[in-house]
Amino acid sequence: MFAVALGNLLVVPSATSANAVRRPARHFDLVNATFDSVVALAIAPADRDAFQDIELGEPLQGGLTSMTFDVPAGGCLRDLRITFHGGRTQLFPHIDVCRSSGLRLTPRTAVRNHPDA
């Protein structure tokens, strides 16, 4: 009986140390200070077209609203693709999600990054 109990004690610490190697999810904040609602959000490794949709639940209303999402596993440099109500899409390339904890959308950044501007 003692040998079985001792064996169980040895297994638990090794399982705990295996979980300690996992990286915690990176959280990223998106603040919408524009006049339009964000209806879709996608993220991809920088310069790749492998975008993964981020579930919004409901549109991120314009004004001053925010949300936090988990960045999918991968490298630090990412491209964010934001789609606004009405279908306008905006790309924010090369965001370092390891050094930055969020992005604030403003009317000025929306104009500067708009493909027609």
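Residues numbered from 1 in each chain as written. Predicted model: local features only at pLDDT ≥ 70, side-chain atom pairs only at ≥ 80, totals over all residues. Heavy atoms only, no water.

A. The state of the cysteines, seen in detail. Across all of its chains, the model carries 1 disulfide by this definition. Note on cysteine connectivity: Cys76 is disulfide-linked to Cys98, with sulfurs 1.8 Å apart. Given an S-S torsion of about -80°, the disulfide between Cys76 and Cys98 has left-handed geometry. Here Cys76 is found in the loop between strand E4 (65-71) and strand E5 (77-84), whereas its partner Cys98 is found in the loop between strand E6 (89-96) and strand E7 (102-105), with 22 residues between them in sequence. Owing to a relative accessible area of 37%, Cys98 belongs among the partly exposed residues under this scheme. (Disulfide = S-S within 2.5 Å. Helix = DSSP H or I, 4+ residues; strand = E, 2+ residues; numbered from the N terminus. Buried < 20%, exposed > 50% of the residue type's maximum accessible area, 1.4 Å probe, protein only.)

B. Spotlight on the nonpolar core. Residues Leu41, Phe69 and Leu80 are the most contacted members of the largest nonpolar core, which totals 19 residues. Those elements that provide at least two residues to this core are strand E1 (26-32), strand E2 (38-45), E4, E5, E6 and E7. Apart from residues lying up to four places away in sequence, Leu41 is in contact with Leu30, Gln52, Asp53, Ile54, Leu56, Met67, Phe69, Leu80, Arg81 and Ile82. (Core = buried A, V, L, I, M, F, W, Y, C linked by side-chain atoms within 4.5 Å. Contact = heavy atoms within 4.5 Å.)

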